[in-house]
Amino acid sequence: MHVHFLDPYRPRNSPIHRLDPRIKLVLTVVFILTNTLIPTAAWPVYILLFALILSVELISDLGVSFVLKRSSLAIPFVLAALPLILTVPGKTLFILPVGSWTIHASYLGLERFISIAIKSWLSMQAAIVLAASTSFPELLVAMRALRVPRLLVSIFGLMWRYLFVLVDEATRLIRARSARSGQSEKPGTKTGGNISWRARVAGGMAGNLFLRAFERSDRIYMAMVSRGYDGEARTLPLPDIRPVYWAILIASLSLLSLLLGFAYLFWG
Amino acid sequence: MHHSIEIKNLTFSYPDGIVALRDVSLSIEPGEKVALVGPNGAGKSTLILHLNGILSGQGLVRVCSLEVIKENLGRVRSCVGLVFQSPEDQLFSPTVFDDVAFGPLYQGLPPAEVLQRVDQALEAVHMLSYKKRVSHHLSMGEKKRIAIATVLSMHPEVLVLDEPTGGLDPRSRRSLIHLLQELPLTMLASTHDMRLVREVFPRMIVLDEGRVVADGPTQILMNDTALLEAHGLEKP
Amino acid sequence: MLPAPIAMHIPDGFLSVQVTIFLWLITIPVVGYALKRVGVDLGERQVPIMGVLAAAIFAGQMLNFAVAGGTSGHLIGAALATILLGPWAATLVLTCVITIQALIFQDGGLLVLGANIFNMAIVGVTVAYMVFRTVNSLAGERPWSIFIGGFLAAWVSVEVAALGTALELALSGTSPANIAIPAMGGIHALIGIGEGLITVGALAFLRASRRDLLKSSETAPIRGRLVWVVGLVLVILLAVASPLASRHPDGLIWVATQYGFLNSEQSPIIKLIPHYLFPGVQNKTLATILAAMLGTVIVFGVALGVAYSRRRKTSPGDDQQV
């Protein structure tokens, strides 16, 4: 039983997939940074940024609907910004008397809310493209290039390697519990125990999982040590970045700076 | 005289007091293929862990003419390649390439040679095309072969295997047997698989309750039904 | 499918750049130090233990229990990790979990990763550690002290992390403080109870099967001193700032504007430039329509280009490099 579906990486033969992961990570972060910096209500720039990320999604052969579907997961958190409609002072959108209070909604508040929602949504799409077009070992390369300490990169590598194994184990624990979660035939008996009991059962499962993880880490340590591990992180040197990727990086950075400057000029 | 493995009067107890090995002595010459058999709890895995210094008890343990003590552990581990029972815990790197490159990398070899060794090792287990694969997605048989490759890339003198055919379906088991027959290294395998022993290992050591109770040619010992039964083994 | 639907991972776009950078400036050195400390404590075993336990916490967050009417409680794990591993290792492990959640599963943003790590792996862990140690030193060696301590540590860590999140949202101007703080605080007061119960369950299991693991996690007081100081400062800051923010939402925004957290009024000179350079585009609606047209042309152009190049690839070996 393998939990493959947890891994968002979709191998394809596209220029985005082939792009050096270090460049990809930098571009993703810069795109997100650009989004964050663009002022409120700069609708034309938002549209152009959307066109940009949409183009990338098309080139990546990941499927636009795939990315858009996954990015809709950001929606619940948007509710956190909803109150802005009511609390930002400005030209009145509508007034709603509720009991003894008067709720006052402003255009500015609505603009702020929609801007935040759009910018967040665009950023998420970029993050999805990155995760879906870059295998995890490549992401580790990108981390090393960003000067993440090599020991931490090793920990990430090991974590990812055993992520699916342990999620498998957790799934099996959940299934075992469901298999034993039946209803009695006797009328009037309460199923499921009380909430505190259920929480403690779940806790026992968690403890079980951690214990096995501890013991597994012991075996892995033995395997590492048997192959000469001495606590230092040793890796092969990273390959050079091809000039064409540097060109892509510079072109993209220029484009994003241009959009940012344009936005500040008119909507800053 | 150079023995690949030399053990003299090895005794070992676990911290909780259980005596796992009692006065074990044996020696294995270069090129020999020896099977270590015995019931569960006999001390087979414990004995194996002494061969590369993960455990250490009283008595002498020497591999490739090196005494297994702290100062020699680096060289000892390059000489004795230990393949554990569960490949899941032995393949701990993100990709197959990373796992097979781990050994030579820690030996301090230059990048070009590391790459070469990876190719050689994967070739030896007939899995060269698996270089970029992710370990998690492989089948048990594939994992076992890669696990062997991760050790082969260190160019050990001795290959020590713990339950090599455990958990394999008949086809994977057959191809693993071929592989073990092909590899020219000195070999010690701890196993319950008596048919494997008969096919691949001309010499057999029987361990029970921490003691060596028999050590001789497989052909002869395999016919000693009384001996086998007395130590929880079955004739295949 | 996401295993951990907790409303605490902030996505990108919800925090201002200043708050984001400020929190990164704290997170990076703390995580760096945690890496070094755990290296000293665990030695060679650092990588396998940290890696596998991070995977375990991640998987553990899938273990749910039915609360009421279809909802369920989950484990976040900050308190449990702190009690089992000590604060520095717990910080490291949770940093890994949160980073993977953001990078692979988009549970939390990339730019604001520093903030999420700060809230859960640093603040959550510090507070859990302080509470647990306090209960332990008060209750002494009594057997139930570990359960009370575990429950409280879990509850407080969830609550304080949530308050920190709310404060950051308020300082960024994304969510008004007088709504965000009570909302986050209120919801997570309930979630914290679930976290507390699961933590107690896990501790009970581990105490029964491997008590030696729990003993080994009792770190010497000296190591925790820095954590105490930092933790105390944090708690005071939050305790003072939260009710203040709640009562004076405008006041907070005023403070934020004064310190440049929010976009303040642009200098008038810059406002004049558009007038002179692009008189036609001064009409915002026109600009929007133009942008929409340009955007559509770009996207269609790309789509056509992609479709064309795909059709050209007839044989599988036709691999064109960029």
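Residues numbered from 1 in each chain as written. Chains lettered and ligands numbered in written order. Predicted model: local features only at pLDDT ≥ 70, side-chain atom pairs only at ≥ 80, totals over all residues.

**Quick word on the environment of Leu-159 of chain B**
In this structure, Leu-159 of chain B sits in strand β7 (residues 158-162). Once residues lying within four places of it in the same chain are set aside, the contact partners of Leu-159 of chain B are Gly-81, Val-83, Val-151, Leu-183, Leu-185, Thr-186 and Met-187 of chain B. (Helix = DSSP H or I, 4+ residues; strand = E, 2+ residues; numbered from the N terminus. Contact = placed C-beta atoms within 7 Å.)

**Observations concerning the interface of chain C and chain A**
Counting residues at the interface gives 84 residues for chain C and 90 residues for chain A. Elements with a contribution of two residues or more to the side of chain C that touches chain A: α1 (17-42), α2 (46-60), β1 (65-68), α4 (87-105), α7 (177-209), α11 (268-277) and α12 (284-312) of chain C. Of the residues in the side of chain C that touches chain A, the class split is 58 nonpolar, 21 polar and five charged. (Nonpolar A, V, L, I, M, F, W, Y, C, P; charged D, E, K, R; others polar.)

**Considering the sheet that holds strand β4 (residues 58-63) of chain B**
Residue and element names in this part refer to chain B. On the basis of which strands lie adjacent, the open sheet formed by four strands has the order β2-β1-β4-β5 and antiparallel pairing. Strands at the two margins of the open sheet, each flanked by one partner only, are β2 (19-28) and β5 (66-67). In this sheet, β2 lies alongside strand β1 (residues 5-13) in antiparallel orientation, the contact comprising six bridges. Residue pairing for β2: Leu-10 is matched across the bridge by Val-24. (Pairing = 2+ DSSP bridges.)

**Here's the deal with the packing of helix α3 (residues 78-85) of chain C against helix α5 (residues 113-139) of chain C**
Residue and element names in this part refer to chain C. The interhelical angle for the contact between α3 and α5, taken along N-to-C directions, is 60°, at an axis separation of 9 Å. For the element pair α3 / α5, the angle class is oblique. Considering only the axes of α3 and α5, their crossing is right-handed. Only Met-120, Gly-124, Val-125, Ala-128, Tyr-129 and Phe-132 of α5 make contact with α3, whose side of the interface consists of Ala-78, Ala-79, Thr-82 and Ile-83. Partitioned by chemical class, the residues of the contact of α3 with α5 number eight nonpolar, two polar and no charged. (Axes fitted to C-alpha atoms, helices over the stretch in contact; angles between N-to-C directions. Parallel < 35°, antiparallel > 145°, perpendicular 65-115°, else oblique. Left-handed = near helix turned anticlockwise from the far one by under 90°.)

**What about the nonpolar core?**
In terms of nonpolar packing, the biggest core is built from 245 residues, with Met-159 and Leu-166 of chain A together with Ala-54, Ala-55, Val-93, Leu-94 and Ala-128 of chain C touching the most fellow members. With 16 residues, the top contributor of residues to this core is helix α6 (residues 145-171) of chain C. Here Met-159 of chain A is in contact with Gly-51, Ala-54, Ala-55, Cys-96 and Ile-100 of chain C, once residues within four sequence places are set aside. (Core = buried A, V, L, I, M, F, W, Y, C linked by C-beta atoms within 7 Å. Buried ≥ 20, exposed ≤ 12 C-beta atoms within 10 Å, placed from the backbone.)

**Here we look at the confidence of the model for chain A**
Parts of the model with low pLDDT should not have their predicted coordinates read in detail. Taken over all residues, the pLDDT of chain A has a mean of 85, while the share at 70 or more is 94%. Looking across chain A, the model is least confident in strand β1 (residues 92-98) of chain A, with a mean pLDDT of 73, and most confident in helix α2 (residues 21-37) of chain A, with 94. (pLDDT = per-residue confidence, 0-100.)

**Re the interface of chain B and chain A**
On the chain A side, the residues contacting the 28 residues of chain B number 25 residues. Of all the elements in the fold, those that place two or more residues in the side of chain B that touches chain A are α2 (73-79), α3 (87-90), α4 (96-106) and α5 (111-124) of chain B. With five residues, α4 of chain B is the single largest residue contributor to the side of chain B that touches chain A. Of the residues assigned to the side of chain B that touches chain A, the class counts are 12 nonpolar, 13 polar and three charged.

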